[in-house]
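Inside the fold
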Amino acid sequence: MKQLFRLLAACALLLGFAVGLPAPAQAALPVSPNVHIFYYSWYGSPTVNGSYRHWQQGGHTPPNDLGANLYPVLGAYDSGAVAAVDQHMAWIAQAGVGVIVYSWWGQGSYEDGLVPMVLDAANRQGIKVAWHLEPYSGRTAASTVSDVNYLNSRYGGHAAYYRDAAHGNRPAFYVFESLRITDWSAIAPLKSGNIILAQTTDTSKVAGFGGMYTYDAIAGASAPGWANASAFCKANGLVWAPSVGPGYLDDRAVPGNTTPTLNRDNGVTYDREWGNALATANGGPPTWVSITSFNEWHEGSVIEPASATPPGGQGYLTYVGAYGTTGTASQTAYLDRTRYWVGRFSPPPQQSFLALRARANSRFVTADNAGASPLIAKGTTIGLWEQYDQLTLGGGNIALRSKANGLIVTADNAGASPLIANRTAVGPWETFALVNNGDGSFSLRAQVNGRYVTAENAGASPLIANRTAIGTWEKFDLATS
């Protein structure tokens, strides 16, 4: 029966239907905003796209014969199928990864058309979206400037649009094969408002850029030039985001290709690359770690679940044996191992019990209606709805997770709406500076807009982050465990 259900579920995903499929589980908190993974939306199927797209690379005939050496658990899925993308985002969150780096091929491209759906799916799992600017025909430094401005203006208002809280709330753009263009001076004016990364470790090739990354999953095994690149980035206030991957194999997608392969060795390779990224000898820890990749199936660098029982007669490999796993457990082996490494790189924030009593009316702040309504200072005693886990983020910043529903408190609508506990992950809207007022009270300043949280209307209205100065309504007494 379980095998039948899996088959039906995979078929439904392939067809783009959500009927009969369980909703992907919400992400276990937290996901790391400093671990990014390259994500591809270039796949198509007849039932959604009208024909197969990309799966037939190398002269193959989907759905059983694909241009890949591993076979997806979801089969030859369509990147436009909401159910498939929802499952992807759930898996990425399961791995602890907080940001996808979306493979984007220019304004009006196939991939550009799928952006709104991907942003929505990412948001449902607390995932953010950064951008992998690909070398489409005619790409120039000037067109890249136009692309960055286009992405920011068209999609920048979406809740899933990645902005790095640690670097001025700026969005991130990885420029693949940046060395194809020799003069990047046109991007210099973008630097103050964006983080644009060059794909190189050559420090002479990054003028105007905001950082460096490598992408190459093969190079990650030996980390050539990583120590020097890291030192340069640290010395110049740039982002260093080395790329790690589980292996590389493109024999079916590119017959006769002479590119070297990199064997997975049942997970040893992936561990080695993560170790290289974090090692002090290579300049670690880095600013971010980028993972190559979630689903670049043609190059065999995927951590997306691969079938342990792929179609016969095609010579597919599997993850069986990875980290000692067998059968269906092997299918998520690389997701599970990613979460382990995310924990090593970005340890879970410290937690402590917290209650807040507003000085405006001496009432406790409650996540009213079991967290379904905005926070308001109305509690006369400390019960479950008045309790929060304080997540210590560093740099004087915290997040609050309501014990009423297990969700994170957010300054909703970029601070324009009242505070409410309804988020699954911590981002800029969920980050607050804890300000000690020196009189025994504390205030909360929302990172998203720099405004102080107030118990509006002397505590009679919901809390909202809209004050520029601290008065009585903006002061809270803390009760901690």
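Residues numbered from 1 in each chain as written. Predicted model: local features only at pLDDT ≥ 70, side-chain atom pairs only at ≥ 80, totals over all residues. Heavy atoms only, no water.

Running from N to C, helix H2 (residues 82-94) and helix H8 (residues 333-345) point in directions that differ by 40°, and their axes come no closer than 8 Å. Relative to H8, the element H2 is oriented oblique. Here Trp-91, Ala-93 and Gln-94 of H2 come into contact with H8, specifically with Leu-335, Asp-336 and Arg-339. Looking at the contact of H2 with H8, its residues break down into three nonpolar, one polar and two charged. (Axes fitted to C-alpha atoms, helices over the stretch in contact; angles between N-to-C directions. Helix = DSSP H or I, 4+ residues; strand = E, 2+ residues; numbered from the N terminus. Parallel < 35°, antiparallel > 145°, perpendicular 65-115°, else oblique. Contact = heavy atoms within 4.5 Å. Nonpolar A, V, L, I, M, F, W, Y, C, P; charged D, E, K, R; others polar.)

The next point concerns helix H4 (residues 115-124). Every buried residue belonging to H4 is among Val-115, Met-117, Val-118, Leu-119, Ala-121 and Ala-122, and all of these are buried. In the core, the buried residues of H4 are packed alongside H2, strand S2 (97-104), helix H3 (110-113), strand S3 (128-133) and helix H5 (141-155). (Buried < 20%, exposed > 50% of the residue type's maximum accessible area, 1.4 Å probe, protein only.)

Now for the confidence of the model for the chain. Put simply, the chain has an average pLDDT of 91, and 92% of its residues get 70 or more. Under a pLDDT of 50 for its full length, residues 1-29 has, in the predicted model, 44 contacts with residues more than four places off or in other chains. (pLDDT = per-residue confidence, 0-100.)

This part takes up the sheet that holds strand S9 (residues 289-291). One open sheet holds the nine strands; their spatial order is S7-S6-S5-S4-S3-S2-S1-S9-S8, and the pairing between them is parallel. The outermost strands of the open sheet, each flanked by one partner alone, are strand S7 (239-241) and strand S8 (243-244). Across two bridges, S8 lies against S9 in parallel orientation. The partner of Val-244 across the bridge, within S9, is Ile-291. Set on the sheet, H2 makes contact with strand S1 (32-39) and S2; between it and S1 the angle comes to about 135°. (Pairing = 2+ DSSP bridges.)

With that settled, the discussion passes to the pattern of salt bridges. In total, this model carries 16 salt bridges according to the counting rule given. A salt bridge links Arg-467 to Glu-456; the nearest nitrogen and oxygen atoms lie 2.6 Å apart. One end of the pair, Arg-467, is in strand S20 (residues 463-467); the other, Glu-456, is in the loop between strand S19 (452-455) and S20, with eleven residues separating them in the sequence. Here Glu-456 falls in the partly exposed class, since its relative accessible area comes to 22%. One continuous salt-bridge network, built from bridges that share partners, spans Arg-357, Arg-359, Asp-439, Lys-475 and Asp-477. (Salt bridge = Lys/Arg side-chain N within 4 Å of Asp/Glu carboxyl O.)

Mapped onto the elements of the fold, Gln-314 is located in the loop between S9 and H8. Exposure remark for Gln-314: the relative accessible area of 25% places this residue in the partly exposed category. Sequence spacing of Gln-314 and Asn-69 is 245 residues, and the spatial spacing of their C-alpha atoms is 8.8 Å. Gln-314 has contacts with Asn-64, Asp-65 and Arg-252, leaving out every residue within four places of it along the chain.

Let us look at the packing of aromatic side chains. Under the defined criterion, the tally for this structure stands at 28 aromatic pairs. Their ring planes at 80° and their centres at 5.9 Å tell us that Tyr-162 and Trp-288 sit as a pair that is edge-to-face. With a gap of 126 residues between them, Tyr-162 in the loop between H5 and strand S4 (172-175) and Trp-288 in the loop between helix H7 (268-278) and S9 connect regions that are remote in the sequence. Like Tyr-162, the residue Trp-288 is buried in the burial classification. Judged by centre distance (4.8 Å) and plane angle (85°), the ring pair of Tyr-174 and Tyr-213 falls under edge-to-face. Within this pair, whereas Tyr-174 is found in strand S4, its partner Tyr-213 is found in strand S6 (residues 211-213), the two being separated by 39 residues in sequence. Overall, Tyr-174 belongs to the buried group, its relative accessible area being 0%. (Phe/Tyr/Trp six-rings, centres within 6.5 Å; stacked < 30°, edge-to-face > 60°.)

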